[in-house]
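The chain contents come next:
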Amino acid sequence: GEARVRYQDGDYTIVSPGDFVRCAVTGQQIPLTDLRYWNVDQQEAYASVDIALERYRQLRDRARS
């Protein structure tokens, strides 16, 4: 099932056990063994570096508006 995770700088803590988390942008399942990209401030996981960069730009542009 889906895990609940608390994202920290350089690490994360599993709050509720599970096998995966969901990408905040695509909804794709990310196995915990493959989880590499997340945003601590937004508490969001991302499926790839490209998706993480896209989301970063989105959030940055929103903050500037």
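Residues numbered from 1 in each chain as written. Predicted model: local features only at pLDDT ≥ 70, side-chain atom pairs only at ≥ 80, totals over all residues. Heavy atoms only, no water.

K.L.:
Got a sec to walk through the packing of aromatic side chains? Specific residues and values, please.
P.N.:
The full count for this structure, using the stated rule, is 2 aromatic pairs. Centre to centre, the rings of tyrosine 12 and tryptophan 38 are 5.5 Å apart; their planes meet at 90°, and the pair counts as edge-to-face. With a gap of 26 residues between them, tyrosine 12 in strand β2 (residues 11-16) and tryptophan 38 in strand β5 (residues 37-39) connect regions that are remote in the sequence. Taking the relative accessible area as the measure of exposure, tyrosine 12 reaches 21% and is therefore partly exposed. Looking at tryptophan 38, the relative accessible area reads 21%, which means it is partly exposed. (Phe/Tyr/Trp six-rings, centres within 6.5 Å; stacked < 30°, edge-to-face > 60°. Helix = DSSP H or I, 4+ residues; strand = E, 2+ residues; numbered from the N terminus. Buried < 20%, exposed > 50% of the residue type's maximum accessible area, 1.4 Å probe, protein only.)

K.L.:
Can you tell me about the pairing of strand β1 (residues 4-8), naming the residues and giving the values?
P.N.:
Here β1 shows a buried face lined by Val5 and Tyr7 and an unburied face lined by Arg4, Arg6 and Gln8. Examined bridge by bridge, β1 and β2 share 5 bridges and lie antiparallel to one another. Counterpart to glutamine 8 in the pairing with β2 is aspartate 11. The antiparallel hairpin formed by β1 and β2 contains 2 residues in its connecting segment, where glycine 10 sits at a positive phi of about 75°. (Pairing = 2+ DSSP bridges.)

K.L.:
Provide a residue-level description of the pattern of salt bridges, including the pertinent values.
P.N.:
Under the definition given, this model contains 3 salt bridges. When the shortest N-O distance is used, the salt bridge between arginine 22 and glutamate 2 registers 3.3 Å. Of this pair, arginine 22 sits in strand β3 (residues 20-22) while glutamate 2 sits in the segment before β1; the two residues are 20 residues apart in sequence, bridging distant segments of the chain. Where glutamate 44 meets arginine 55, a salt bridge forms, and the shortest distance between an N and an O atom there is 2.9 Å. Taken as a pair, glutamate 44 in strand β6 (residues 44-46) and arginine 55 in helix α1 (residues 49-64) lie far apart in primary sequence, 11 residues in all. The same class applies to glutamate 44 as to arginine 55, namely buried. (Salt bridge = Lys/Arg side-chain N within 4 Å of Asp/Glu carboxyl O.)

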